[in-house]
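# Observations on chain architecture
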Amino acid sequence: MTTETLSENKAFGGTQGVYRHASRATGTDMTFSVFVPPQAEHGPCPVLWYLSGLTCTHANVTEKGEYRAACAQHGIVFVAPDTSPRGEGVADEDSYDMGQGAGFYVDATQEPWTPHFMMRSYIEEELPALIAGQFPVDMARQGITGHSMGGHGALTIGLRNSGTYRSISAFAPIASPLNCPWGEKALSGYLGDDRAAWRDYDACALIEDGARAPGLLVDQGTADQFLEEQLKPELLEAACSKADIPLTLNLRAGYDHSYYFISSFMADHVAWHAERLKA
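All of the points below concern the structure found in this document. These figures come from a predicted structure and were not determined experimentally. (Residues numbered from 1 in each chain as written. Predicted model: local features only at pLDDT ≥ 70, side-chain atom pairs only at ≥ 80, totals over all residues. Heavy atoms only, no water.)

As a further point, take the nonpolar core. Phe78, Ile131, Tyr190 and Leu236 are the most contacted members of the largest nonpolar core, which has 88 residues in total. Per-element tally for this core: the top contributor is helix 9 (residues 259–277), with eight residues. If near-sequence neighbours (up to four positions away) are discounted, tyrosine 190 is found in contact with Met98, Gly99, Ala102, Gly103, Phe104, Val106, Ala108, Thr109, Gln110, Trp113 and Phe117. (Core = buried A, V, L, I, M, F, W, Y, C linked by side-chain atoms within 4.5 Å. Buried < 20%, exposed > 50% of the residue type's maximum accessible area, 1.4 Å probe, protein only. Helix = DSSP H or I, 4+ residues; strand = E, 2+ residues; numbered from the N terminus. Contact = heavy atoms within 4.5 Å.)

Spelled out as structure tokens, the structure:
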């Protein structure tokens, strides 16, 4: 796969790059960012995937996530994909929570979203193959994290592929899309009205259906404006408790849903992943 370099900048002894390629999964050009730490000069490094939230691109976390110092310290490659296909001919809506910028990390089965909205295949299959072929990563040591819609993506992708990811965390994730307005709108739109088909895209349902992980880390701000209606971490807490999955749920007093919150605890998450990826 041919990758176009859009920018590369030296940072914390490593390289922060932004790249673009033609995706077979989405049928569009896709842009992503990769931070390669200085340790990669001596051999492949573990990789941490970061999935962004509604309305975001790769750029939000790249510019505001404040992960590079921690990744350079621990020797972690940090990959940030886009949240959806984009461009002329790609379906969209005027609302922020459906369409471009709101792919929900699903493979859509409903018109007009299929064939472009195939973010599950893109994140689980196509982009990892590209990263493995073109960057100094140890694909036997992968972790995944994300924010909000991307937290939902990290949890569900991690739980569905427990043999691939050694570590799973999330910032303010949509814990149960089956039980919140964002999720009901997106999953019905992308997948249709059969709620059984939604269960592959709900962390709580996956756990109820037998998915397991050695442990999860979740940070959630108590002043998050979406906490009660959309995020519902208590549902994830209950599902993990019933399934005996160790969950560290940090309720951060006074923090909201923004990158001020994410950047405050990003280094903690990188360190948590590094401990597990280097074990």
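We now examine the packing of aromatic side chains. A complete count under the given rule lists 13 aromatic pairs for this structure. Ring geometry for tyrosine 50 versus phenylalanine 78: centroids 5.8 Å apart, planes at 25°, classification stacked. Note that tyrosine 50 is positioned in strand 4 (residues 45–51) and phenylalanine 78 in strand 5 (residues 77–81), a separation of 28 residues in sequence. Of the two residues, tyrosine 50 and phenylalanine 78, both sit in the buried class. One aromatic cluster in this structure is built from Phe171, Tyr255, Phe261 and Phe265. For the cation-ring pair, arginine 68 lies above tyrosine 67, with the distance from its terminal atom to the ring centre recorded as 4.9 Å. (Phe/Tyr/Trp six-rings, centres within 6.5 Å; stacked < 30°, edge-to-face > 60°. Lys NZ or Arg CZ within 6 Å of the ring centre and 35° of its normal.)

Bringing the side chain of glutamine 16 into the picture now. For glutamine 16, the location among the structural elements is in strand 2 (residues 14–22). Given a relative accessible area of 7%, glutamine 16 falls into the buried group. A polar side-chain atom of glutamine 16 sits 3.3 Å from the main-chain carbonyl oxygen of valine 34. The residues contacting glutamine 16, other than those within four sequence positions of it, are Ser7, Glu8, Asn9, Ser33, Val34, Phe35, Thr62, Tyr67 and Arg68. (Polar contact = N/O pair within 3.5 Å; in protein donor to acceptor, adjacent residues only side chain to side chain.)

Strand order in the open sheet made by the nine strands is 1-2-3-5-4-6-7-8-9, with mixed pairing throughout. The sheet is open, and its two edges are formed by strand 1 (3–11) and strand 9 (247–252), each paired on a single side. Averaged over all neighbouring strand pairs, the angle between strand axes comes to 20°, with direction disregarded. Two elements, strand 8 (residues 216–221) and strand 9, share six bridges in a ladder whose sense is parallel. Bridge pairing links glycine 221 to arginine 252 in strand 9. (Pairing = 2+ DSSP bridges. Axes fitted to C-alpha atoms, helices over the stretch in contact; angles between N-to-C directions.)

Residue phenylalanine 265 marks the point of greatest curvature in helix 9, where the axis turns by about 45°. All of the buried residues in helix 9 are Tyr259, Phe261, Ile262, Ser263, Phe265, Met266, His269, Val270, Trp272, His273, Ala274 and Leu277. With a side-chain oxygen lying 3.2 Å from the backbone nitrogen of tyrosine 260, the N-terminal cap of helix 9 falls on serine 258. (Bend = angle between axes of the 7 residues up to and from the residue.)

With that settled, the discussion passes to the environment of valine 61. With respect to the helices, strands and loops of the structure, valine 61 is situated in helix 1 (residues 58–64). Sequence separation between valine 61 and alanine 80 is 19 residues, and the spatial gap between their C-alpha atoms is 7.5 Å. Sequence-distant contacts of valine 61, that is, excluding residues within four places in its chain, are made with Tyr50, Ser52, Glu66, Tyr67, Phe78, Ala80, Tyr259 and Met266.

On to the pairing of strand 3 (residues 29–36), then. Most of strand 3 sits out of view: seven of its eight residues are buried. Relative to strand 3, strand 2 runs antiparallel, the two being bridged by eight bridges. Paired with tyrosine 19 across the bridge in strand 3 is phenylalanine 32. As consecutive antiparallel partners, strand 2 and strand 3 are separated by six residues, and within that stretch glycine 27 has a phi angle of approximately 70°, a positive value.

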